[in-house]
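The primary structure of each chain is shown beneath.
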There are 2 protein chains.
Amino acid sequence: MKVVIIGGVAAGPKAGSRINRLCCDAEMTIVEKGEFLSYAGCGLPYYISGVVKERKELMSTPVGTVRDSIFFQNVKNVHVMNHTEATCIDREQRTVSVVSRNGGEQKLDYDKLVLATGAESVIPPIKGVDLENIFNLKNIYDAERIKEMLGEKKALNAVIVGGGLIGVEVAEAFHEMGCRITIVEFQSQILSLIDPEMAVLAEKHFETKGVKVKTGTKVVEFKGDQKVSSVVTDQGEIPADIVVLAVGVRPMVKLAREAGLEIGSTGAIAVNTQMQTSDSDIFAAGDCAEKKHIITGKACYIPLGSTANKEGRVAANVICGINDAYPGVLGSAICKIFDFTVACTGLGEKEARDAGYDVVTCLSPAPDKPHFMPTAKLLFLKLIADRKTRKLLGAQATGPGAADRRIDVVVTAITAGMTVDQVAHLDMTYAPPYSPAVDNLLTAANILRNKMDGYMKGVTPAEVCAMLESNKDFTLLDVRSPAECEQMRIEGSVNIPLGALRKRSGELSNEKPIIAFCKISLRGYEAALILKKAGFKDLSVMDGGILMWPGKIIQG
Amino acid sequence: MKVVIIGGVAAGPKAGSRINRLCCDAEMTIVEKGEFLSYAGCGLPYYISGVVKERKELMSTPVGTVRDSIFFQNVKNVHVMNHTEATCIDREQRTVSVVSRNGGEQKLDYDKLVLATGAESVIPPIKGVDLENIFNLKNIYDAERIKEMLGEKKALNAVIVGGGLIGVEVAEAFHEMGCRITIVEFQSQILSLIDPEMAVLAEKHFETKGVKVKTGTKVVEFKGDQKVSSVVTDQGEIPADIVVLAVGVRPMVKLAREAGLEIGSTGAIAVNTQMQTSDSDIFAAGDCAEKKHIITGKACYIPLGSTANKEGRVAANVICGINDAYPGVLGSAICKIFDFTVACTGLGEKEARDAGYDVVTCLSPAPDKPHFMPTAKLLFLKLIADRKTRKLLGAQATGPGAADRRIDVVVTAITAGMTVDQVAHLDMTYAPPYSPAVDNLLTAANILRNKMDGYMKGVTPAEVCAMLESNKDFTLLDVRSPAECEQMRIEGSVNIPLGALRKRSGELSNEKPIIAFCKISLRGYEAALILKKAGFKDLSVMDGGILMWPGKIIQG
């Protein structure tokens, strides 16, 4: 069996290695346009920041063997043609035409073909985008050029265009290298894969580190004489010694399209769960292939290294006659922003509503360990569920606390179709150095259950903010202690500490709605219950408490 | 509705708070023998070590309010009788007799009764156990007495009897306080909730910190004149200024037994999934109640604060007429041992075999992040699955790496009845600061799939060790690089680096079994496949590689 694999970064080498393990007799060739194989593209921001010291670490095995052509030949039994580009697939003849760097052309026969052509950075059609010192960060060459420039001069003015995952990772890396950074984002928030009230926490964190975040801002022009010197936006001009474009990637599908393979609605190569394209002898895996969303069942395009590896393995299994199927993705993502983690999975609130679910959400900010442990860190958790089926649809976590653990549990729970009731009873590991006795996730699941069962009516901080701004007549009841209120409070709120509420409820009017809150709104919830007992009618709780308040805070 | 709750530490106050939220009209009384309420018993080792500075932190809310009688009355609407012991339940009259510290007796009427009487430390019937400076660590009083003693004199000789969860936590706390520590464990390993090859890693880690671990050692006598001065074991005498007994806890069921309530086979109070005892108006929750194991469906006794909270909530829900059921536990546990985490869930290997499963296991030691990230730490992962259903049965993780995240994903997967195939495809969050592109758990799941599908035959390091000791005729093939072998190797092994194996396979005999390994046995697996292709017949791979080798290692 002859197998040709086009693309040598992630899905391709994965498929090749696995085929080698399964089929002794496969003759395999990897065709790679660049020089380097099987390198960790996701590690590039950490190479720029110096966290990763040497380039070769990104392309070596855990014991330090560089994954070069010789390695692939000797260990994986795969013939590697690097500096070689595939130019044409002849599906009838089952050949791939390739051209090497020195101009040599040849045709490779295949029985099975794997397309792992990856993705390319989107270059926005903006005036001046071709100026020097405007970079992408897609491969090692890009990283080398950026590194060289940052190395020669510190304290550069850097502008990152695009506040997605790569943009924020690059921002952190540039910060480590001493740059003054502005992130310019066209949308009204950075990290559009999380909901606005979660993204604002990340934006604020950036600002505490001195990174400027300009959302709702459109780049109009890059100015400069040969080299870029400023970025002109619809909100003003920003000086720039270096610019990184991080406005997204696009699947590389030219070869597939020209071969007449089906391209999906997302623009990526359409595949079935066996990773077969519309030609069952041609497989596609990794960033060039379309994904299926596990919850909606719809096509989506979420290119990630983790997915590429799984798809490469499934393609290899199927090629070798093993029954396997890739179920799809949940849109799980995570990134580090200085001392913060941002992680998410499943559907966002709006996405879930748009998909027709009867959405219930909760915001639960709390320490990720018992409050008496000095290692406890705050974690802001949001859950999204469907009232009808009580199933979890999504989760997002932001903050210095351990977000990965909670989100990965939700990944598993959503994949298994678990209800919030099942999640609330999970026997998660517990000891004070790791989590509170009732884990943040289980608490959040219980809040959802309370809401679904009608024990708690929630209002989001954004809704309350809007009510205040439009001068709605209601009581915003802060039940924290006077000492807490002295530190920070919301203008227009009334303070009655929870412990005094039974005695002092007479001070409140039953003629208008009461919205109770505290630091995280657990006491807010108890306050609403006390007032309900005292005969008050229109009661709700502000989700997430003052910790999630997006508006102005009076401090000191 | 009158509700009496006996026990004020975890499940009791949880039930009381929840009932208050659900039923405005409930009249609630908590009867607590001690002074303190709702304190974090699991935090006691961290109070001893000074990580937690003040006792009151263990019994306050996250914002610093101490949960005393006044707090419970004002906020939770619960009447608290502390320093008061329940002495008798009259089920016919529905009363509980209580005696307060000052001798006052009274009868409390109840409609619903919650038993949250907890557990008590087992005091082994050993000669001299009553000597001074021999302690338990069950409550705040114990912790205070220990703290006082460690405070006045550092560098004490401390002996911890029992190497379970509490024993190891206490050992770390005492180490922080400058003690010379010996853990004496009757069984052949510490932490009997994990398998021997995982426990040995924890034992070795203790030893690198200067903590002596004596397994298979029985305490015969405590010697001393008034105060303990040494611990006599069947393996010799150990000087001791202080001794902590951590040989386990026993549910407090006297009240329940005398009231004629059913006691389960484990010695704890039998309950149904609604937390009802054999009297449907009497509930039991927390450390006094029997648990159901989710996998086996059998009764078990695993007392944990996390479970107590969940059970207290379910009892409250049912008392208030809400449909709820507690599905049971998986035996999830976690503890911190200096720079190590030990975590587990589900069935251990032996337990799974004893329960009749066709057990497949794997050992996967690997960095918990990409090897190029300086924050990467080694994580030893063991999975246990059932060949027939392909379902995961258990998981254990040890090492400096992030064990909690992987084990909690397995908790969720086992609860949902997921197969290893489903787990291998989980869309876990990925970015280099958090995990490798293929997470350790997914890699381990794929190893299990390979074994189940017949692509890989594993032998455990312990089995190989035994084969060497009994002079079995086989080739132990080390395929690491010469440089790696120079650092450490296994006596009797033959080294052919993986990259040279295709050319040099002729050096090996096909007449005897070949067991291949490397550092973690990924290359060992590839070596077996290369040799299979070269015509070798009897091939297997040593699980976990040299990193999991339990025997002698030649170093340097």
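Reading the values: the criteria
- Residues numbered from 1 in each chain as written.
- Chains lettered and ligands numbered in written order.
- Predicted model: local features only at pLDDT ≥ 70, side-chain atom pairs only at ≥ 80, totals over all residues.
- Helix = DSSP H or I, 4+ residues; strand = E, 2+ residues; numbered from the N terminus.
- Rg over C-alpha atoms; globule rule 2.2 N^0.38 Å.
- Buried ≥ 20, exposed ≤ 12 C-beta atoms within 10 Å, placed from the backbone.
- Contact = placed C-beta atoms within 7 Å.
- Nonpolar A, V, L, I, M, F, W, Y, C, P; charged D, E, K, R; others polar.
- Least-squares fit on C-alpha atoms with pLDDT ≥ 70 in both.
- Axes fitted to C-alpha atoms, helices over the stretch in contact; angles between N-to-C directions.
- Left-handed = near helix turned anticlockwise from the far one by under 90°.
- Pairing = 2+ DSSP bridges.
- Core = buried A, V, L, I, M, F, W, Y, C linked by C-beta atoms within 7 Å.
- Domains from an automatic or database assignment.
- Expected span 1.5 Å × (residues − 1).
- pLDDT = per-residue confidence, 0-100.
- Parallel < 35°, antiparallel > 145°, perpendicular 65-115°, else oblique.

(A) Structural detail: the overall build of chain A. Of regular secondary structure, chain A possesses 16 helices and 32 strands. On C-alpha atoms alone, chain A measures out to a radius of gyration of 27 Å, which is about the 24 Å that the 2.2 N^0.38 rule sets for 556 residues. A principal-axis box enclosing the C-alpha atoms of chain A has dimensions of 90 × 60 × 40 Å. Sorting the 556 residues of chain A into buried and exposed places 55% on the buried side. Across chain A, every contact between residues at least 6 apart in sequence was considered, and the portion connecting residues at least 24 apart equals 63%.

(B) Looking closely at the interface of chain A and chain B. Taken together, the contacts link 72 residues of chain A with 73 residues of chain B. Of all the elements in the fold, those that place two or more residues in the side of chain A that touches chain B are helix H1 (11–22), helix H3 (69–76), helix H8 (305–319), strand E21 (333–337), strand E22 (340–346), helix H10 (403–415) and helix H16 (522–533) of chain A. It is H10 of chain A that provides the largest number of residues to the side of chain A that touches chain B, a total of nine residues. Split by residue class, the side of chain A that touches chain B holds 43 nonpolar, 15 polar and 14 charged.

(C) Spotlight on the relation of the copies chain A and chain B. When chain A is fitted to chain B, the best match, at an RMSD of 0.1 Å, comes from turning it 180° and sliding it 0.0 Å along the axis. Here the two chains are linked by the operation of a two-fold rotation axis. Same-surface contact between copies: 100% of interface residues of chain A are shared with the interface of chain B.

(D) A look at the packing of helix H1 (residues 11–22) of chain B against helix H8 (residues 305–319) of chain B. All names here are of chain B. Contact pair H1 / H8: the axes reach a minimum separation of 8 Å and the direction vectors enclose 35°. Handedness of the crossing formed by H1 with H8: right-handed. Seen from H1, the contacting residues are Ala-11, Gly-12, Lys-14, Ala-15, Arg-18, Ile-19 and Leu-22; seen from H8, they are Ala-308, Asn-309, Glu-311, Gly-312, Arg-313, Ala-315, Ala-316, Asn-317 and Ile-319.

(E) Representation of the sheet that holds strand E25 (residues 392–399) of chain A in the model. Residues and elements named next belong to chain A. Reading across the sheet, the five strands line up as E21-E22-E25-E24-E23 and stay open at both edges, with antiparallel pairing between neighbours. The sheet terminates laterally at E21 and strand E23 (359–367), the two strands that pair on one side only. Each adjacent strand pair in this sheet contributes to an overall mean axis angle of 10°, direction not counted. By the bridge criterion, six bridges tie E22 to E25 in an arrangement that is antiparallel. When the bridges of E25 are listed, Cys-344 appears paired with Gln-396. Taken strand by strand, helix H6 (residues 196–208) contacts E21, E22, strand E24 (378–386) and E25, and its axis lies near 15° from that of E25. Contacts from H10 reach E21, E22, E24 and E25, with the element oriented near 5° to E22.

(F) Region of the structure containing the nonpolar core. Counting residues in hydrophobic clusters, the biggest one holds 380 residues, and the most contacted among them are Leu-115 of chain A together with Leu-115 of chain B. Excluding residues within four positions of it along the chain, Leu-115 of chain A makes contact with Ile-6, Gly-7, Leu-255, Ala-256, Ile-269, Ile-282, Phe-283, Ala-284 and Cys-288 of chain A.

(G) Quick peek at the domain arrangement of chain A. Parsing chain A into structural domains produces domain 1 (2–40 + 55–119 + 250–319), domain 2 (134–247), domain 3 (339–452) and domain 4 (458–555). For domain 2 of chain A versus domain 4 of chain A, the distance between C-alpha centres works out to 39 Å.

(H) Structural context of unusual backbone geometry. Of note in the backbone geometry, Gln-226 of chain A takes a positive phi value of approximately 70° without being a glycine. Inspection of the secondary structure puts Gln-226 of chain A in the loop between strand E13 (219–225) and strand E14 (227–233). Look at Gln-226 of chain A and you get exposed, because 8 C-beta atoms sit within 10 Å. For Phe-338 of chain B, which is not glycine, the phi torsion reads 55° and is therefore positive. Positionally, Phe-338 of chain B belongs in the loop between strand E21 (333–337) and strand E22 (340–346).

(I) Structural context of the environment of Phe-517 of chain B. All names here are of chain B. Turning to its location among the elements, Phe-517 is positioned in strand E30 (residues 514–517). Spatially, the C-alpha atom of Phe-517 lies 6.3 Å from that of Leu-477, the residues being 40 residues apart in sequence. Not counting residues up to four positions away in its chain, the partners in contact with Phe-517 are Asp-478, Gly-524, Val-541, Met-542, Gly-545 and Ile-546.

(J) Here's a closer look at H6 of chain A. Residue and element names in this part refer to chain A. Between its first and last C-alpha atoms H6 spans 18 Å; for 13 residues at 1.5 Å apiece the expected length is 18 Å, and the two agree. The set of residues buried in H6 consists of Glu-197, Met-198, Ala-199, Leu-201, Ala-202, Glu-203 and Phe-206. Residue Gly-210 follows H6 closely and has a positive phi angle near 85°.

(K) Quick look at the sheet that holds strand E13 (residues 219–225) of chain B. Residue and element names in this part refer to chain B. Strand order in the open sheet made by the three strands is E13-E14-E15, with antiparallel pairing throughout. Taken across any chain shown, the strands that pair with only one partner, and hence form the sheet edges, are E13 and strand E15 (236–239). Averaged over neighbouring strand pairs, the angle between their axes works out to 25° when direction is ignored. Two elements, E13 and strand E14 (residues 227–233), share six bridges in a ladder whose sense is antiparallel.

(L) How the structure looks around the confidence of the model for chain A. Averaged over all residues, the pLDDT of chain A is 94; the fraction at 70 or higher stands at 100%. Model confidence for the complex: the whole-complex pTM is 0.96, and ipTM, which rates the interface, is 0.96.

(M) Seen up close, helix H12 (residues 440–452) of chain B. Residues and elements named next belong to chain B. Between its terminal C-alpha atoms H12 stretches 18 Å, which fits the 18 Å expected from 13 residues at 1.5 Å a residue. Counting buried positions along H12 yields 10 of 13 residues, so the element is predominantly enclosed. The set of residues buried in H12 consists of Asn-440, Leu-441, Leu-442, Ala-444, Ala-445, Asn-446, Ile-447, Leu-448, Arg-449 and Lys-451. Of the residues flanking the end of H12, it is Gly-454, one or two places downstream, whose phi is positive at about 80°.

(N) How the structure looks around the pairing of strand E25 (residues 392–399) of chain B. Residues and elements named next belong to chain B. Counting buried positions over the eight residues of E25 gives eight, a clear majority of the element. In this structure, strand E24 (residues 378–386) lies alongside E25, joined through six bridges in antiparallel fashion. If you follow Lys-382 over to E25, its bridge partner there is Gln-396. Taking the residues that link successive antiparallel strands as the turn, the E24-E25 hairpin has five residues, and the phi of Arg-390 there is positive, at about 60°.

(O) Region of the structure containing the packing of H10 of chain A against helix H10 (residues 403–415) of chain B. For the pair H10 of chain A and H10 of chain B, interaxial distance at closest approach is 9 Å and the crossing angle is 20°. By the angle between their axes, H10 of chain A is roughly parallel relative to H10 of chain B. For H10 of chain A against H10 of chain B, the interelement crossing comes out right-handed. Along its contact with H10 of chain A, which presents Asp-404, Arg-405, Asp-408, Val-409, Thr-412 and Ala-413 of chain A, the element H10 of chain B presents Asp-404, Arg-405, Asp-408, Val-409, Thr-412 and Ala-413 of chain B. Considered class by class, the residues forming the contact of H10 of chain A with H10 of chain B number four nonpolar, two polar and six charged.

(P) The environment of Val-213 of chain B, seen in detail. Residue and element names in this part refer to chain B. Structurally, Val-213 is set in strand E12 (residues 212–214). On a C-alpha basis, the gap between Val-213 and Ala-385 in space is 31 Å, while along the polypeptide they are 172 residues apart. Setting aside its immediate chain neighbours within four residues, Val-213 contacts Gly-163, Ile-183, Ile-190, Glu-203, Phe-206 and Glu-207.

(Q) Representation of the pairing of E21 of chain B. Residue and element names in this part refer to chain B. Burial analysis of E21 places five of its five residues in the buried class, the great majority of the element. With burial as the criterion, each face of E21 is covered, one bearing Ala-333, Cys-335 and Ile-337 and the other bearing Ile-334 and Lys-336. Examined bridge by bridge, E21 and E22 share five bridges and lie antiparallel to one another. By the bridge assignment, Ile-337 is partnered in E22 with Phe-340.

(R) Structural context of the environment of Arg-449 of chain A. With respect to the secondary-structure elements, Arg-449 of chain A resides in helix H12 (residues 440–452). Through-space distance from the C-alpha of Arg-449 of chain A to that of Thr-419 of chain A is 9.7 Å; in sequence the pair is 30 residues apart.

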